[in-house]
Amino acid sequence: MTMEVDGKEHLALDLDVLNVTNESRQTYGLRHQDYERYRQYCSQHLRRLRQVLGQTQSSASKPYQKKEFPDEITDSRYLHILLFQSERAWAYAMELKRESSSSESRKHHHVVKRFRRAALYASQLSEVAEKHSAEKRTQLDVKAYASLMNGYLKMEEQKWQEALDHYVAARTIYETLAKASNAHQETLCHSAIDEIDPSIRFCAHMLRSSGGTSQHDIDDLVSAMRDKSAPGMDLLEAQLAEVAAHSRQKRAQEMTSISWRHTTVELRNAELAMSILKAQETAQAESGNDVDRFDEVLSAWAEAEKAAKKAIKEDEEATAKVKSSKSAETTQNLHFCYTYAAYNLYARSIQRNLSLAKTIVKEGGRPQDIVKLYDDVLKNVGSIGELPTVQHDHTFEQEVEIQSKYFKAWRCIHVADAYSSLGRYAETLGLFDLAFNYISQARASLQQITPQNDDGLINITEKELQETEQTIRGRKCKAHAAWYLEQGEQTEDVSRKLEDMDLDEVDEVALIKRLDNYPASMTAKRLPHLVDFPPVFQPIPMKPMLFDLALNHVEYPESLSTRSGKDQASGGWFGGWFGRK
């Protein structure tokens, strides 16, 4: 950024207050809380700056005369002089504060005086930066520094409300600068915020305006202070918006591509890049499940989708007149950007409806209201499935189908709850069975693909499907129990029917004994006699009778010798004598 002075262009004044003060404090003493060493360094650094810029006294013998800055400042080192004057006074005040006790009123007066001087130099720094048209970021940076020093002063003077206003202004600036900075500057801004938060909490405690101590309480307190429209807050908000827009425009010029679902395409349309970048910043700044925050994000993505549609229309008109070798690639990239913007719009809308549904469930609202929200969710899922890039990506189509089955299952669950509240348990059980089928289909589809949804907006996992199955089983058991309890109210009718039954009266032979004859009593009002109950006793043998059926098939030998196994041919005197063994 340049400015014109005496017909010549000069670079605008630039000063990174957080970076300069952080490096100086950490290098020269404050790493070990040595404020005296840091104060001495500030004095030495101021002496060197005055020598370089010609701001030293001409002679030590002459009385001190304050040298004013030139009318036109083109060197940022003039800002460094005011910055380190403020730092030196602040370090001296902190040194005295560590050494003094609460009972020493004189030292406390000296501490307040040093803080007042630090705040004075910081305010002069902010005025000089604004007067000589420093960069917008520099103006906000020094304004935050001045608010911080004034907050220290008012807190030491125990003016809690004024101190709180200054701290909130400084914190607001640092929050905005963190979003429009690189990684190093963002870290410095968050570090400054961490140092401011305890002071805000203490001032709020002294004012009895907040009893909380968590980070969420600090954020709520800062938001409340902004809503009160403190003096100068409207101008500050305008400056912050201007700096954010300037930073976004600068980054949009550097944004040459967009990456999504492991795919990177070129992005040459500046207006489309600005819209997408703004939507991304708004989405990153989203905190919690506040409906207003969702509305801001949806509005930003709607603008991005509109810009993508406009870019596609302009490309179609240009392609109709003249075609080139890269026309098809450019058109494909624009369709990819449109799908990216539209998907984020629909996905954020789904998140908003799901958040509202959870809120209704917690508050015990009607299931009918939840079903309406799930109808909108299913419409958005269907719109995602109709996007051009989705139809050419099988994995993406499967993911959308899984999401559709999952949300249909939850819609069935809430419809079943509505029927259950009406006492229609048959429909309730049928809807739970349908929801279980949807979950089973979603699990089967999920096992067949590897999800590539790296943005985490709508991510259906195996764990969520299992939890949903458990929910369905539990609610189905409750519906069964409710049905049985309702049927239990008819106990008197059942008892009367049991009393009317008489098992002793038998009008005819049991049906099981005359299966060949058609029972004439089937046409009667009373049921036919099927079996004898209790059964009639029949006599049976006390001991079993055994029959040897194999005895008839045994062949016995005809003579005794044969039965004994002796051969008659070997008999006689000599045969018997010599035949013996």
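Residues numbered from 1 in each chain as written. Predicted model: local features only at pLDDT ≥ 70, side-chain atom pairs only at ≥ 80, totals over all residues. Heavy atoms only, no water.

**Section: the overall build of the chain**
Consideration 1: Scanning the chain from N- to C-terminus turns up 19 helices and 4 strands.
Consideration 2: Taking the contacts inside the chain whose residues are at least 6 apart along the sequence as the reference set, 66% of them involve residues at least 24 apart.
Consideration 3: Entry remark: accessible area of the chain is about 36,300 Å², with carbon and sulfur atoms responsible for 51%. (Helix = DSSP H or I, 4+ residues; strand = E, 2+ residues; numbered from the N terminus. Contact = heavy atoms within 4.5 Å. Areas by Shrake-Rupley, 256 points an atom, 1.4 Å probe, with all protein chains shown as cover.)

**Some points on the packing of aromatic side chains**
For any pair of aromatic rings, the description rests on two quantities: the centre-to-centre distance and the angle between the ring planes.
Consideration 1: The full count for this structure, using the stated rule, is 14 aromatic pairs.
Consideration 2: Relative to Phe396, the ring of Tyr343 lies with its centre 5.8 Å away and its plane at 70°, an arrangement referred to as edge-to-face. Residue Tyr343 is located in helix H12 (residues 327–362), and its partner Phe396 is located in helix H14 (residues 394–421); the two are separated by 53 residues in the primary sequence. Note on accessibility: Tyr343 and Phe396 belong to one class, buried.
Consideration 3: Residues Tyr406 and Phe407 carry aromatic rings whose centres are separated by 5.4 Å and whose planes lie at 65° to one another, so their mutual orientation is edge-to-face.
Consideration 4: Tyr406 sits in the buried class, given a relative accessible area of 11%.
Consideration 5: In this arrangement the basic side chain of Arg25 is found over the ring face of Trp90, its NZ or CZ atom lying 4.1 Å from the centre.
Consideration 6: One Lys or Arg, Arg261, reaches over the ring of Phe396 and ends 3.9 Å from the middle of that ring. (Phe/Tyr/Trp six-rings, centres within 6.5 Å; stacked < 30°, edge-to-face > 60°. Buried < 20%, exposed > 50% of the residue type's maximum accessible area, 1.4 Å probe, protein only. Lys NZ or Arg CZ within 6 Å of the ring centre and 35° of its normal.)

**Remarks on the pairing of strand E4 (residues 263–266)**
Consideration 1: Sheet topology places strand E3 (residues 257–260) next to E4; 4 bridges connect them, and they run antiparallel. Following the sheet pairing, Trp260 is matched in E4 by Thr263.
Consideration 2: Between E3 and E4, which pair antiparallel in sequence order, lie 2 residues; one of them, Arg261, sits at a positive phi of approximately 55°. (Pairing = 2+ DSSP bridges.)

**Thoughts on the pattern of salt bridges**
Consideration 1: Tallied over the entire structure, the rule returns 24 salt bridges.
Consideration 2: One salt bridge connects Arg77 with Asp75, and the closest N-O pair in it is separated by 2.8 Å.
Consideration 3: As a salt-bridge pair, Arg352 and Asp295 come within 3.2 Å of each other at their nearest N and O atoms. Within this pair, whereas Arg352 is found in helix H12, its partner Asp295 is found in helix H11 (residues 291–321), the two being separated by 57 residues in sequence.
Consideration 4: One connected set of salt bridges, linked through shared partners, spans Arg116, Lys154, Glu157, Lys159 and Glu162. (Salt bridge = Lys/Arg side-chain N within 4 Å of Asp/Glu carboxyl O.)

**Brief notes about the environment of Asp376**
Consideration 1: Along the chain, Asp376 turns up in helix H13 (residues 367–385).
Consideration 2: When the C-alpha positions of Asp376 and Asn353 are compared, they lie 7.6 Å apart, and in sequence the two are 23 residues distant.

**Here's the deal with the nonpolar core**
Consideration 1: Residues Leu272, Trp301, Tyr343, Phe407 and Ile458 are the most contacted members of the largest nonpolar core, which totals 68 residues.
Consideration 2: At 14 residues, the largest contribution of residues to this core is made by H12.
Consideration 3: With residues up to four places along the chain from it excluded, the contact list for Trp301 reads Ala279, Gln280, Ala283, Tyr340, Ala341, Asn344, Leu345 and Arg348.
Consideration 4: Grouped together as the second largest cluster of nonpolar side chains are 40 residues, Leu79, Ile81, Leu83 and Ala91 included. (Core = buried A, V, L, I, M, F, W, Y, C linked by side-chain atoms within 4.5 Å.)

**Let's talk about the environment of Ala442**
Consideration 1: As for its placement among the helices and strands, Ala442 is situated in helix H15 (residues 425–446).
Consideration 2: In this structure, the C-alpha to C-alpha distance between Ala442 and Glu462, residues 20 residues apart in sequence, is 9.3 Å.

**Some details on helix H7 (residues 183–207)**
Consideration 1: With 25 residues, H7 extends 36 Å from end C-alpha to end C-alpha; this agrees with the ideal 36 Å at 1.5 Å per step.
Consideration 2: Where H7 bends most, the angle comes to about 25°, and this point is Ile196, followed within four residues by the proline Pro198.
Consideration 3: For H7, every residue scored as buried is listed here: Gln185, Leu188, Cys189, Ala192, Ile193, Ile196, Asp197, Ser199, Ile200, Cys203 and Ala204. (Expected span 1.5 Å × (residues − 1). Bend = angle between axes of the 7 residues up to and from the residue.)

**Digging into unusual backbone geometry**
Consideration 1: Between Phe533 and Pro534 the backbone carries a cis peptide bond, its omega angle lying at -5°.
Consideration 2: The topology assignment puts Pro534 in the loop between helix H17 (491–500) and helix H18 (560–564).
Consideration 3: A positive phi is found at Gln33, a non-glycine position, where the angle reads about 60°.
Consideration 4: On the accessibility criterion, Gln33 (39% relative accessible area) is partly exposed.

**A few points about the environment of Leu120**
Consideration 1: Relative to the helices and strands, Leu120 is located in helix H4 (residues 105–131).
Consideration 2: For Leu120, a relative accessible area of 48% translates into the label partly exposed.
Consideration 3: Distance in space between the C-alpha atoms of Leu120 and Ser86 is 7.7 Å, their sequence separation being 34 residues.

**Remarks on the confidence of the model for the chain**
Consideration 1: Residues at a pLDDT of 70 or more form 75% of the chain, whose mean pLDDT is 79.
Consideration 2: Below pLDDT 50 for its whole length, residues 1–9 participates in 18 contacts with residues either more than four positions away or in separate chains.
Consideration 3: Ignoring residues within four places in sequence, the model shows residues 210–216, a span with pLDDT below 50, making 8 contacts including any to other chains. (pLDDT = per-residue confidence, 0-100.)

**Digging into H13**
Consideration 1: Taking 1.5 Å of rise per residue, the 19 residues of H13 would be expected to cover 27 Å, and the 27 Å separating its terminal C-alpha atoms lies within 8% of that figure.
Consideration 2: Burial in H13 covers these residues: Ile370, Val371, Leu373, Tyr374, Val377, Leu378, Asn380, Val381 and Ile384.
Consideration 3: Packing partners of the buried residues in H13 comprise H12 and H14.

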